[in-house]
Amino acid sequence: MEIRCAVQPYAWGKLGHNSEVASLQECAHPDFCIEETKPYAELWMGAHTSAPSLIKGSNEKLNEWISRNPEVLGENVREKFGDELPFLFKVLSVNKALSIQAHPNKEHAEKLHCERPDLYKDPNHKPELAIALTPFEALCGFRPIQQIKDFLGNIPELGAIIGEAGSNLQTSDEAGIQTALRQCFKALMTCPAESVRAQLSSLVERHSSLDESSRSLELAGLVSRLASEFPGDVGCFCVYFLNYLTLKPGEALYLGPNEPHAYLSGDCIECMACSDNVVRAGLTPKYMDVDTLCQMLTYHCEEADNKKFLPTRLDSYSQLFSPPVPDFAVAKIEIPGEVANYTVGPRSSASIILAVSGQGCSQQDLQIRRGSVIFIPVGQELSISTYGYKDPLLLFQAMANV
């Protein structure tokens, strides 16, 4: 059955028709009016109680319908998660950087929720998967340690903030490096705000006098952009600790527990466990729990390309992104034009399909077009024809990974 999904107008979202979120919603629902000066940040597809999808025709909330028909979830889901959809499926349109953040593991999430339920509103973990729809910029995981050492040695403003803690990185012992990196990162994140503002101002001013090669080596363009979005924010210096990468359309990141990251710009498909637990420490006006973040991070260093999460091929038209958690997986399905019939096979859980581009029709009398969102009960197939349509039909399907 087709569902209508909620749009979240967070301030960091892209404006008007520049937003993929707004464009998808408009294509599926002509009564949706886009305002060019309004941000459209997220499209929520699922049964999250904060913004559940509505069943087209009846306008019944999906979470309430599932509670009356829990068998649609599948036995494996009900045994593992109870009578609730265990994932939240999204589209993100990022115009302005999201916060430097990480998500706690399940045990830590339960502890944080117990101790501070006002800040950490549920006891669940929040692993997430992002698949780029357009070139998608992100910070993710710690850089190779030699890169961090080089930045500390060559950027005096960064060295001034880190201070003596930087000298500890000279150790060659792996455990010692992780300890030293933790000390350096904490020194950065706990540096007095006045010092951060002064050093960031000095850095941006010095960058303006460098040649293009030197500016590139010091990530001057990125630092300047972040400093304009978040003046004086300590998160601007995190680019020298965290990997910076741009995903091509179709490439993905998986963000497990305690992985530092920040989305910077672009549009993506996102799927996550049903949780709102975020520990923030920079590039945000929201509450920053610096001590918790510094304690929980992995401090594992690796190359930026190693952060990309690769799919497995299911058949000639589909791939599966299957992260190491039971909460969710995402299939990417691209059906060429003029294909008489392709069957999206039965899944072991309820699933949700989003059409990103192209057109098709199903044997279930559903007209599938850009922006269509379809809920499929466990075990059911969706037979799709693109016959009569020249353009390929691009779909993403979220499901539990059970």
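What you see is a predicted model, and the numbers here were worked out from it, not measured in a lab. (Residues numbered from 1 in each chain as written. Predicted model: local features only at pLDDT ≥ 70, side-chain atom pairs only at ≥ 80, totals over all residues. Heavy atoms only, no water.)

## Thoughts on the pairing of strand β5 (residues 42–45)
Of the two faces of β5, the one lined by Glu42 and Trp44 and the one lined by Leu43 and Met45 are each fully buried. Across three bridges, strand β2 (residues 6–8) lies against β5 in antiparallel orientation. Bridging from a neighbouring strand, Val7 pairs with Leu43 of β5. As paired strands, β5 and strand β7 (residues 87–94) are joined by four bridges and run antiparallel to one another. Note that in β7 the partner of Met45 across the bridge is Phe89. (Buried < 20%, exposed > 50% of the residue type's maximum accessible area, 1.4 Å probe, protein only. Helix = DSSP H or I, 4+ residues; strand = E, 2+ residues; numbered from the N terminus. Pairing = 2+ DSSP bridges.)

## Some remarks on the environment of Gln147
Here Gln147 lies in helix α5 (residues 145–154). Here Gln147 falls in the partly exposed class, since its relative accessible area comes to 25%. Each C-alpha atom, one on Gln147 and one on Pro70, is 51 Å from the other, the two residues being 77 residues apart in sequence. Within the structure, Gln147 has its side chain in polar contact with the side chain of Arg143 (distance 2.8 Å). (Polar contact = N/O pair within 3.5 Å; in protein donor to acceptor, adjacent residues only side chain to side chain.)

## Looking at the side chain of Lys14
Among the secondary structure elements, Lys14 is positioned in strand β3 (residues 14–15). Looking at Lys14, the relative accessible area reads 16%, which means it is buried. A distance of 2.8 Å separates the side chain of Lys14 from the side chain of Asp267, its partner in a polar contact. Excluding residues within four positions of it along the chain, Lys14 makes contact with Ser19, Lys38, Pro39, Tyr40, Ser93, Val94, Asn95, Gly266 and Asp267. (Contact = heavy atoms within 4.5 Å.)

## Thoughts on the UniProt feature "binding site: Zn(2+)" (unreviewed entry) in the protein chain
Mapped onto this structure's residue numbering, the UniProt feature "binding site: Zn(2+)" (unreviewed entry) falls at Gln101, His103, Glu128 and His261. For the residues just named, distributed over 161 residues, the greatest C-alpha separation is only 12.5 Å, placing them together at one site. As for the lining of the largest pocket, the annotated residues named previously contribute Gln101, His103, Glu128 and His261. For Gln101, the location among the structural elements is in strand β8 (residues 100–102). The exposure class assigned to Gln101 is buried, which follows from its relative accessible area of 9%. In contact with Gln101, other than residues within four places in its own chain, are Glu259, Pro260, His261, Val278, Val279, Arg280 and Leu293. There is a polar contact of 3.0 Å between the side chain of Gln101 and the side chain of Ser99. Looking at where His261 falls in the secondary structure, it is placed in strand β13 (residues 261–273). Excluding residues that lie within four positions of it along the chain, His261 makes contacts with Ser99, Ile100, Gln101, Ala102, His103, Glu128, Leu139, Cys140 and Leu255. Side-chain polar atoms of His261 contact the side chain of His103, separated by 3.5 Å. (UniProt positions renumbered as here; feature names shortened; annotations may be inferred. 1 Å grid on protein atoms, 1.4 Å probe; cavity = no way out; pocket = protein on both sides within 12 Å on 5 of 7 lines; lining within 4 Å.)

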